[in-house]
Amino acid sequence: MLTYYSKRWAIETYFRTMKSNFSFNGYQIRSTVAIKRFWTLLSFTAMFCSVTGHGDILTGLRSWQNKKTESWIEFVYYEAKAGTQLDLIKNQLQAA
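Now for a quick tour of the structure. The residue numbers shown here count from 1 along each chain, following its written sequence. Given that the model is predicted, a residue must reach a pLDDT of at least 70 before its local features are reported, and side-chain atom pairs must reach 80 or more before they are shown or counted; all residues, however, enter totals for whole chains, interfaces and linings. Side-chain calculation: all heavy atoms of the structure are included, whereas hydrogens and water are not.

1. Remarks on the nonpolar core
At step 1: The definition of a nonpolar core used throughout is a set of buried Ala, Val, Leu, Ile, Met, Phe, Trp, Tyr and Cys residues joined through side-chain atoms within 4.5 Å. For every residue, the accessible area obtained with a 1.4 Å probe (protein chains only) is divided by the maximum for its type, and the residue is called buried under 20%, exposed over 50%, and partly exposed between those limits. Grouped together as the largest cluster of nonpolar side chains are eight residues: Met-18, Phe-22, Phe-38, Leu-42, Ala-46, Cys-49, Ile-57 and Leu-61.
At step 2: A run of H or I in DSSP counts as a helix once it spans at least four residues, and a run of E counts as a strand once it spans at least two, with each numbered from the N terminus. For this core, the secondary structure elements donating two or more residues are helix H2 (32-52) and helix H3 (57-81).
At step 3: A per-element tally of this core places H2 first, with four residues.
At step 4: Non-local contacts of Leu-42, meaning those with residues more than four positions away in its chain, are made with Met-18, Phe-22 and Phe-24. Note on contacts: a residue pair is in contact if any heavy atoms of the two residues lie within 4.5 Å.

Okay, here's the thing in C-alpha cells:
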C-alpha cells in the first residue's frame, strides 16, 4: 500500500498545484476537444513555469507573477511621472 501511494504522490501534488494555482478546478468544459485543448494549455503553462523556475512549477509561477506586478508598478510610475492623470492610468489598466 505504501509503495502505491509513494508512486501516486507526484501525481497528486501535481493535480493539487494545478487546481489551486492554475484554476484547473474552476472551469466547466463539456466537449472532449475543449477539455483536451484546456489541458494542453495548462500543461504547457506548468512546463514553462517549471523550466523558468529551475524545475519547480510554483517558483516559476511566482517569478512570473512578480514580473507582472513589477511591470504594472513601472507603468504607473512612468505614466505619473509624465503627468498623466490618475483616472487615465486607471482606465488604461482597466481598474476604473
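2. Here we look at the packing of aromatic side chains
At step 1: Two rings from Phe, Tyr or Trp (for Trp, the six-membered ring) form a pair when their centres sit within 6.5 Å of each other. Planes less than 30 degrees apart are called stacked, planes more than 60 degrees apart edge-to-face, and all others tilted. Taken as a whole, this structure holds six aromatic pairs when the rule is applied.
At step 2: Judged by centre distance (6.2 Å) and plane angle (85 degrees), the rings of Tyr-14 and Trp-39 are edge-to-face. Of this pair, Tyr-14 sits in helix H1 (residues 2-21) while Trp-39 is found in helix H2, placing the two residues 25 residues apart along the sequence.
At step 3: Residue Trp-39 is classed as partly exposed on the basis of its relative accessible area of 28%.
At step 4: Each residue in the set Tyr-14, Phe-15 and Trp-39 is aromatic and connected to the rest through ring pairs, giving one cluster.

3. Observations regarding the pattern of salt bridges
At step 1: Just to be clear on terms, a salt bridge is a Lys or Arg side-chain nitrogen sitting within 4 Å of an Asp or Glu carboxyl oxygen. Applying the stated rule across the entire model yields one salt bridge.
At step 2: When the shortest N-O distance is used, the salt bridge between Arg-8 and Glu-12 registers 2.4 Å. With Arg-8 and Glu-12 both in helix H1, this residue pair falls four residues apart, about one helical turn.

4. Brief notes about the packing of H1 against H2
At step 1: Contact pair H1 / H2: the axes reach a minimum separation of 12 Å and the direction vectors enclose 100 degrees. With respect to their mutual orientation, H1 and H2 come out roughly perpendicular. Residues Tyr-14, Phe-15 and Met-18 of H1 pack against Trp-39, Leu-42, Ser-43 and Ala-46 of H2.
At step 2: Three categories are distinguished: nonpolar for Ala, Val, Leu, Ile, Met, Phe, Trp, Tyr, Cys and Pro, charged for Asp, Glu, Lys and Arg, and polar for the others, with Gly belonging to the last. Class assignment for the residues of the contact of H1 with H2 results in six nonpolar, one polar and no charged. Orientation is described by lines fitted to C-alpha atoms, with helices fitted over the stretch in contact, and by angles between N-to-C directions that extend from 0 to 180 degrees. Oblique is the label for every angle not falling under 35 degrees (roughly parallel), over 145 degrees (roughly antiparallel), or within 65 to 115 degrees (roughly perpendicular).

5. Concerning the environment of Phe-24
At step 1: Turning to its location among the elements, Phe-24 is positioned in the loop between H1 and H2.
At step 2: Setting aside anything within four residues of it in sequence, one finds Phe-24 in contact with Phe-15, Met-18, Lys-19, Phe-38, Trp-39 and Leu-42.

6. Some points on the packing of H1 against H3
At step 1: One can describe the packing of H1 onto H3 by two numbers: an axis separation of 11 Å at closest approach and a directional angle of 20 degrees. As the angle between them shows, H1 and H3 are arranged roughly parallel. Remark: the crossing between H1 and H3 carries right-handed chirality. Across the interface between the two elements, Tyr-14, Thr-17 and Asn-21 of H1 pack against Ile-57, Leu-58, Leu-61 and Arg-62 of H3.
At step 2: Class assignment for the residues of the contact of H1 with H3 results in four nonpolar, two polar and one charged. Crossings are sorted by hand: turned counterclockwise from the far helix by less than a right angle, the near helix makes the crossing left-handed, and turned clockwise it makes it right-handed.

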